[in-house]
Each structure stands twice: as C-alpha cells, then as structure tokens.
Amino acid sequence: MNRSQSQNNLAMTIVLISGAMLFATLFMGYAIYRTSAPTWPPMGSTKVSLGLPFLATLTILLSSWFCHRVQLAVKVENFARASMELNMTLGLGFVFLFIQSSLWFHMKNVGLYTSSGIFASILYAYTWIHAVHVVLGLFSLIWLRVVLRPSNARILQKTINVERFWHFLGIVWIIMFLTLFVL
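Residues numbered from 1 in each chain as written. Predicted model: local features only at pLDDT ≥ 70, side-chain atom pairs only at ≥ 80, totals over all residues. Heavy atoms only, no water.

Structural notes on the environment of L144
Quick reminder of the rule: Counting from the N terminus, the helices are the DSSP runs of H or I reaching at least four residues and the strands are the DSSP runs of E reaching at least two. Exposure categories follow from relative accessible area, calculated using a 1.4 Å probe and restricted to protein chains: below 20% of the type maximum is buried, above 50% is exposed, and the middle band is partly exposed.
With respect to the helices and strands, the residue L144 is situated in helix α4 (residues 118-147). A relative accessible area of 1% means that L144 is categorised as buried. Sequence spacing of L144 and L86 is 58 residues, and the spatial spacing of their C-alpha atoms is 8.5 Å.

A few points about the environment of W104
For W104, the location among the structural elements is in helix α3 (residues 79-109). Using a relative accessible area of 18% as the deciding quantity, one classes W104 as buried. Through-space distance from the C-alpha of W104 to that of L52 is 9.8 Å; in sequence the pair is 52 residues apart.

Quick notes on the packing of aromatic side chains
Inclusion rule: Any pair of Phe, Tyr and Trp rings, taking the six-membered ring for Trp, is counted once the centres come within 6.5 Å. Such a pair is stacked with planes under 30 degrees apart, edge-to-face with planes over 60 apart, and tilted for the rest.
With the rule as written, the count across this model stands at 12 aromatic pairs. Here the aromatic rings of F27 and Y126 are separated by 6.0 Å at their centres, their planes lie at 75°, and the arrangement is edge-to-face. Of this pair, F27 sits in helix α1 (residues 3-36) while Y126 sits in helix α4, and the two are 99 residues apart along the sequence. Accessibility expressed as a relative area gives 16% for F27, which makes it buried. Grouped by ring-pair contacts, the aromatic residues F27, Y30, Y33, W40, F119 and Y126 constitute a single cluster.

In structure tokens, the structure reads:
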C-alpha cells in the first residue's frame, strides 16, 4: 500500500469514527429520554407502524450486499459486473431515500410533526441526519461510478473506502430501526 492509499484509508477511518461518534451521541440522548419516559410512545404520540422502516431496512441491506459485490468484481477486474452491481447499489440507495420520504409523509399523515413534541422531533431528526449521510453516500457511489475503469490504478482502494462508508450507513440504519421503531 502506497502513501496515498494509506492517507485515503486514514481519511475514511476518521470519517467513519466521526460519524459513529455523532450517531452514538444521538443514541445515548435517545436512551436517556426513552428510559425516563413513563410511557412509550409518550402520551398523545402515535407509534409509527413498522412497514416502511422494515422495507427501508431490507432495501439498505440489499444495497449493501450489492455494494460488496462491486468490490469483489473489481478485485477480479470484472468491470462490467462491477458496473452492473454498482448500478444496483445506486438504484437501491435511491429507493431507500424514496422510502424515507414516504415515511416522513406517513408520519405527518398520522399527526406526527416536528412540533408535536420530543418523540416526533427525535424521529425526524435521526432520519433526516441519516438521510443526509445517505445522500453523501450516493454522491460517493456516483463518483465511484465515474472513476470505475480498468485504467484507474487505485480503483480497488477507492471501492473499498466507498463500500466501508455505505456499510456504515446500513449499520446505523439497522440500529435506528431497532431502537426507534421496534423497541
């Protein structure tokens, strides 16, 4: 591994640690609020159905699987397959965002607004923050799509770093799904 690749790995590691700290702080705040609430969801708040969050979870897991397949294809220099897998990853990433926006509309339709109290504010804030990171991940995937070609000497390392970020977003969503919607 050359110096540039080491620096790229270090930069991605710092990004992932920073993101993990952000989401860990959010989850700790949520845990404090949740454990101190006498009832759940709080009085006057509607519990969000699991349908859309579950569908979003399946979508991001499948997208993460295709993203891993991109790296496997790049390792064996099968760029046609890598391109196809990357298109699937991107498509499912956009489907995930569509499901997220559908979830926000559903929340509004059942009377959960950011002004409805801390319960609704938490749901919106966490899903918005995650969605912003997904958009950044989609930009990274689009960038990878542009640079994905055999003549690119460091394409494997770039693919690995983008994949790490995309998997991180999937892990964060699974934790959000379990803590915000299931428990």
